[in-house]
Amino acid sequence: MNLVVFGAGYVGLVTATGLAELGHSVVCVDTDPARVAALRAGDIPIFEPGLAELVTRNVREGRIGFETAVPAAARTADAWFIAVGTPPSKDGSADISAVLSVAETIASLAERRALVVVKSTVPVGTGDRVQALLDGGSRLGLEHVSNPEFLREGTALEDFFQPERIVCGVRTPWAEERMRALYTPLQLEASQVQITSVRSAELCKYAANALLALRISFMNEMARLCDALGADVRDVRRALGSDSRIGPRYLYPGPGYGGSCFPKDVQALAHFGRDAGVTLLTVEATHETNERQRGWVVDKVLRALGPNPVGKRVALWGLAFKPETDDVRESPALAVVTKLLAAGVEVRVHDPEATDNFLRALQASVGAAAERVVRCERALDAVDDADALLLLTEWRSYRAPDFPALGARMRTRTIVDARNVWGAAGVSALGFAYHSLGLGPRAGDPTP
Ligand SMILES: NC(=O)c1ccc[n+]([C@@H]2O[C@H](COP(=O)([O-])OP(=O)(O)OC[C@H]3O[C@@H](n4cnc5c(N)ncnc54)[C@H](O)[C@@H]3O)[C@@H](O)[C@H]2O)c1
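All values derive from a computational prediction rather than experimental measurement. (Residues numbered from 1 in each chain as written. Predicted model: local features only at pLDDT ≥ 70, side-chain atom pairs only at ≥ 80, totals over all residues. Heavy atoms only, no water.)

**Some thoughts on the packing of aromatic side chains**
Across all of its chains, the model carries nine aromatic pairs by this definition. With 6.0 Å between their ring centres and 85° between their planes, Trp317 and Trp422 make a pair best called edge-to-face. Remark: Trp422 occurs in the loop between β13 (414-417) and β14 (433-435) and Trp317 occurs in strand β9 (residues 313-317); sequence separation between them is 105 residues. Trp422 carries the same exposure label as Trp317, and that label is buried. Here Phe403 and Trp422 contribute two aromatic rings whose centre-to-centre distance is 5.4 Å and whose plane-to-plane angle is 90°, an arrangement assigned as edge-to-face. With Phe403 in helix α15 (residues 403-409) and Trp422 in the loop between β13 and β14, this residue pair connects regions lying 19 residues apart in the sequence. (Phe/Tyr/Trp six-rings, centres within 6.5 Å; stacked < 30°, edge-to-face > 60°. Helix = DSSP H or I, 4+ residues; strand = E, 2+ residues; numbered from the N terminus. Buried < 20%, exposed > 50% of the residue type's maximum accessible area, 1.4 Å probe, protein only.)

Here it is, written out as structure tokens:
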């Protein structure tokens, strides 16, 4: 099929490249000229494992091209994908203006009947507005489909090629048949392509993210309780996770969820729930708990630094909101560093991929204060003369550091492990004060 994908971000670029790899002919359109120029020059503007190789191959083989506007030859596309951003507005609602503007563009350009597939995460009812724009601007019978994206950054290609499910909210059997044809090359089981109404498809994306976020917030509260009561959150998690009704995933405490999806989608869901006259108490509480979690981590660091943190030095490992991505949107590191700077602490940071993005985002948020943050190219350099090491993102390269070497370079052997990865690394025996999130009084002791 001939396809146009709007948006060359995490979702658009992965979708466009994945569809090209399946043999479709794809034009990927992004309004950011710098992004398009980079892609044309072979530079991939985001870090996503395996993506660069796949883009290069599909460009070389002529199945994908990058443009700032839709070229004339692409106006006869069989399907148009909308994968542009839906950032949060000030009041927490989703800003869908880019989605609606692309729908108008499609209505004005399309030269034949086609699908218009919204992959962006949009509040329930947006699809009806998209369809109205298509109907108002074109007589060709353009048909909106809601096809929410479930990929996870870091494993986005795997998620594209082996999805657990594909949800298609359709209006007609024609659209259903076309959507099934589009994804046929993935050779999925029939039950993996879930056909729903448009409104159900729109809602299930928010529901999935809110439920995953709720599990994380719940475990963060359990970790706090473990700290207060002397229990070990690993034991609690094991017991919970082995219950087949619960399952083991998304039960890890941490510095609070971040990224471009959970924080904004949880707030947007709460918002359109309120608009619909339904107060979603668990969803509201999920967000509130997450906000507090960042503060809890900072309090731990400040307590570990002693009564006067001014001028103390903290080494921070991990700036991306999770490993294997350079995305820092809503990363806990932003809130944590902002609070540490406000407390007069010196901060030295390291991340394998996300430092540039982080410093840019911090600058945008706190201005000149961001210049006080020292970037380090090597993780070990960050700990020089540090009074504490704070682990915020559990990149693989941080899993097994040379603790004696690390301790030798620090001023004070203090670790705040906000991912609980070193709880059994025996760091106490090496003279470190070890602070975890709910691992209990013996955390940091050597494994028996
Ligand atoms: N990032 C994820 O992990 C993820 C996962 C599932 C769903 N989503 C959803 O997918 C959507 C896109 O997210 P993302 O992370 O890819 O965003 P992103 O910010 O990485 O990319 C969006 C891209 O769209 C471009 N753009 C904006 N307006 C445009 C227009 N009018 N025409 C063409 N391009 C335009 C921007 O320049 C940018 O490159 C959001 O709704 C998000 O909630 C994201």
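**So, the domain arrangement of the protein chain**
The assigned domain composition of the protein chain is domain 1 (2-196) and domain 2 (209-435). Each side of the interface is counted separately: domain 1 has 19 residues, and domain 2 has 18 residues. With both chains or domains summed, domain 1 and domain 2 bury close to 1400 Å², and 51% of this area falls on carbon and sulfur atoms. Sorting the residues of domain 1 by area buried against domain 2 places Tyr10, Phe47 and Glu153 first, and these three jointly supply 39% of that buried surface. Scanning the region where domain 1 abuts domain 2 turns up one salt bridge. The partner of Glu153 in a salt bridge is Arg329, and the shortest N-O contact between them spans 3.9 Å. On the surface where domain 1 and domain 2 come into contact, there are seven residue pairs in polar contact (both at pLDDT 80 or more). (Domains from an automatic or database assignment. Contact = heavy atoms within 4.5 Å. Buried area = accessible area lost by both parts, 1.4 Å probe. Salt bridge = Lys/Arg side-chain N within 4 Å of Asp/Glu carboxyl O. Polar contact = N/O pair within 3.5 Å; in protein donor to acceptor, adjacent residues only side chain to side chain.)

**What to know about the pairing of β13**
Because side chains alternate across β13, one face comprises the buried residues Thr414 and Val416, and the other comprises Ile415 and Asp417, equally buried. Note: strand β12 (residues 388-391) against β13, three bridges, orientation parallel. Within β13, the residue paired with Leu391 across the bridge is Asp417. Handedness of the crossover is the feature at issue here: the chain leaves β12, passes through α15, returns alongside β13, and the resulting connection is right-handed. Two strands pair when backbone bridges link them, and β13 and β14 are joined in this way by three bridges, in the parallel orientation. By the bridge assignment for β14, Ile415 is matched with Tyr434. (Pairing = 2+ DSSP bridges. Right-handed = clockwise from strand over helix to strand, strands pointing away.)

**Describing the site of the ligand**
Lining the immediate environment of the ligand, one finds 25 residues, of which Val11, Asp30, Thr86, Glu153 and Lys264 sit closest. Side-chain polar atom of Arg329 to an oxygen atom of the ligand: 3.0 Å apart, as the coordinates give it. When the free accessible area of the ligand is taken as 830 Å², the share hidden by the protein chains comes to 86%. Mapped onto the shell around the ligand, the elements with two or more residues apiece are α1 (10-21) and α4 (97-109). Split into classes, the residues belonging to the shell around the ligand amount to nine nonpolar, eight polar and eight charged. Each of domain 1 (2-196) and domain 2 (209-435) gives at least three residues to the shell around the ligand. (Near = heavy atom within 4 Å. Areas by Shrake-Rupley, 256 points an atom, 1.4 Å probe, with all protein chains shown as cover. Nonpolar A, V, L, I, M, F, W, Y, C, P; charged D, E, K, R; others polar.)

**Here we look at the pairing of strand β2 (residues 25-29)**
Burial of β2 is extensive: four of the five residues sit out of reach of the surface. On the question of chirality, the crossover connecting strand β1 (residues 2-6) to the parallel β2 by way of α1 is right-handed. Examined bridge by bridge, β2 and strand β3 (residues 64-67) share four bridges and lie parallel to one another. From the neighbouring strand, Val27 faces β3, where its bridge partner is Gly65.

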